[in-house]
Amino acid sequence: MTQALVLALVVINVATFLLFAWDKRQSRVRGSRIRESTLLLASLLGGSPGAALAMKLVRHKTRKRSFLFRFFAIVALQIIALIALLFFSDRLPGLPWTG
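Draft legend 1. View of a nonpolar patch on the surface. Together, Val6, Val10, Val14 and Leu18 make up an exposed nonpolar region whose accessible area comes to about 350 Å². Considering the arrangement of structural elements, one finds Val10 in helix α1 (residues 2-29). Residue classification places Val10 among the partly exposed residues on the basis of a relative accessible area of 46%.

Draft legend 2. Local environment of the packing of aromatic side chains. Tallied over the full model, the rule gives two aromatic pairs. Ring centres of Phe20 and Phe67 lie 6.1 Å apart, and the angle between their planes is 65°; on these two criteria the pair is classed as edge-to-face. Of this pair, Phe20 sits in helix α1 while Phe67 sits in helix α3 (residues 65-88), and the two are 47 residues apart along the sequence. The same class applies to Phe20 as to Phe67, namely buried. Stacked on the ring of Phe67, the Lys or Arg Lys61 has its end atom at 5.5 Å from the ring centre.

What counts, and where the lines are drawn
- Residues numbered from 1 in each chain as written.
- Predicted model: local features only at pLDDT ≥ 70, side-chain atom pairs only at ≥ 80, totals over all residues.
- Heavy atoms only, no water.
- Patch = residues over 30% accessible without salt bridge, like charges linked within 9 Å, V, L, I, M, F, W, Y side chains within 5 Å.
- Areas by Shrake-Rupley, 256 points an atom, 1.4 Å probe, with all protein chains shown as cover.
- Salt bridge = Lys/Arg side-chain N within 4 Å of Asp/Glu carboxyl O.
- Helix = DSSP H or I, 4+ residues; strand = E, 2+ residues; numbered from the N terminus.
- Buried < 20%, exposed > 50% of the residue type's maximum accessible area, 1.4 Å probe, protein only.
- Phe/Tyr/Trp six-rings, centres within 6.5 Å; stacked < 30°, edge-to-face > 60°.
- Lys NZ or Arg CZ within 6 Å of the ring centre and 35° of its normal.

Okay, structure coming up:
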């Protein structure tokens, strides 16, 4: 199960990176764009590291404050959820890392 979770996270992060990179390309050629809500949803579903990497490497969505606010709110919520999950993992039976 842990391998499946890692694989799922790799897939969603690669997909999110590619979404951001494609949207940047489309913005340059004035093509059909990807909705911000789609980019944020991909981030919310676990692709925030891929999104952050794409934002850094292709310099996409780094100036729009409203997007950045929502993106970093998602990242903050994910960090809080991860900390809570790790803190309370001994009370949640069946998690792959609780043994």
